[in-house]
Amino acid sequence: MKRVMIVGGPGSGKSTLARLLGERTGLSVFHMDLIHWQDNWVERTKAEKIPLARAVEAQDEWVFEGGMSSTYESRLARADTLIWLDLPVGLRLWRVTKRLFRYLGQARPDLPQGCRERLHPETWAFYRLIWTTRHSARAKITSLIQTAPADKRIVHLTSPRALREWLKETLPPH
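As a starting point, this report considers the structure included with it. (Residues numbered from 1 in each chain as written. Predicted model: local features only at pLDDT ≥ 70, side-chain atom pairs only at ≥ 80, totals over all residues. Heavy atoms only, no water.)

## As for helix α8 (residues 160–170)
- Every buried residue of α8 is accounted for by Leu163, Trp166 and Leu167. Along the axis of α8, the buried positions cluster into a sector of 100°, meaning they face one direction only. Facing away from the buried side of α8 by more than 90 degrees, the exposed set consists of Arg161, Arg164, Lys168 and Glu169.
- Each element contacted by the buried residues of α8 is listed here: α1 (14–25), β6 (81–85) and β7 (153–157). (Buried < 20%, exposed > 50% of the residue type's maximum accessible area, 1.4 Å probe, protein only. Helix = DSSP H or I, 4+ residues; strand = E, 2+ residues; numbered from the N terminus. Arc of directions from axis to C-beta. Contact = heavy atoms within 4.5 Å.)

## Regarding the packing of α1 against α8
- Viewed as axis vectors pointing N to C, α1 and α8 meet at an angle of 10°, and their least axial separation amounts to 13 Å. By the angle class used here, α1 and α8 are roughly parallel. Between α1, through Leu17, Leu20, Leu21 and Arg24, and α8, the contact on the second element is made entirely by Leu163, Trp166 and Leu167.
- Taken together, the residues that form the contact of α1 with α8 break down as six nonpolar, no polar and one charged. (Axes fitted to C-alpha atoms, helices over the stretch in contact; angles between N-to-C directions. Parallel < 35°, antiparallel > 145°, perpendicular 65-115°, else oblique. Nonpolar A, V, L, I, M, F, W, Y, C, P; charged D, E, K, R; others polar.)

## Observations concerning the packing of aromatic side chains
- Scanning the model with the defined rule gives four aromatic pairs in all.
- Ring centres of Trp37 and Trp41 lie 5.2 Å apart, and the angle between their planes is 80°; this geometry places the pair in the edge-to-face category.
- An aromatic cluster is present here, built from Phe30, Trp62 and Phe64 joined pairwise through their rings.
- One Lys or Arg, Arg75, reaches over the ring of Phe64 and ends 4.8 Å from the middle of that ring.
- Arg134 extends its terminal NZ or CZ atom over the ring of Trp131, reaching a point 3.7 Å from the ring centre. (Phe/Tyr/Trp six-rings, centres within 6.5 Å; stacked < 30°, edge-to-face > 60°. Lys NZ or Arg CZ within 6 Å of the ring centre and 35° of its normal.)

## Here's the deal with a nonpolar patch on the surface
- On the surface, Phe101, Leu104, Leu119 and Trp124 cluster together to form a nonpolar patch covering roughly 420 Å² of accessible area.
- Looking at the secondary structure, you find Leu119 in the loop between α5 (89–102) and α6 (121–132). (Patch = residues over 30% accessible without salt bridge, like charges linked within 9 Å, V, L, I, M, F, W, Y side chains within 5 Å. Areas by Shrake-Rupley, 256 points an atom, 1.4 Å probe, with all protein chains shown as cover. Salt bridge = Lys/Arg side-chain N within 4 Å of Asp/Glu carboxyl O.)

## Side note on unusual backbone geometry
- A positive phi angle, close to 60°, is found at Asn40, a residue other than glycine.
- Along the polypeptide, Asn40 turns up in the loop between β3 (37–38) and β4 (42–43).
- Unusually for a residue other than glycine, Trp41 sits at a positive phi of about 60°.
- Along the polypeptide, Trp41 turns up in the loop between β3 and β4.
- A residue is classified by how much of its surface remains accessible, and Trp41, at 21% relative accessible area, is partly exposed.

## What to know about the side chain of Asp86
- Here Asp86 shows up in the loop between β6 and α5.
- For Asp86, the side chain forms a polar contact with the side chain of Arg138, separated by 2.7 Å.
- For Asp86, the contacting residues outside a window of four places in its chain are Arg138, His156, Leu157 and Thr158. (Polar contact = N/O pair within 3.5 Å; in protein donor to acceptor, adjacent residues only side chain to side chain.)

Structure (structure tokens):
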């Protein structure tokens, strides 16, 4: 594993897995949320985000986690491994809620420092987004995997237990 792409819905554990893989492999970790957001929750334009994502993809080694499906194909073209965290939406919603309260008033490690977790009207819109895109986002990733070149290692994990077992088999702790 030299270039690992991690995808999945919000709350699936992408950032946590990326940090763990970075620690165990020594690969640099990149979070799409750092490309997506600037300080104080200012979203970059798509025209700004694409070159930033391409610059990460061009590097020799990385763990790159997150959404922005418009870059899925180019990221997969460079990746040797794709990990799909395909967890149930109820679990993901619970994790997003737990994360919100854990980091309330603070920035998460995968976000710019000025992006502090808070309850605001967009919070509820984010929950709606998670719920309403649960099928369409899954369909995009399924399609990506179905068209992936045969030389790509695809890891499809559907539960926290499956993830723990895969980690134990693939990258035992030091």
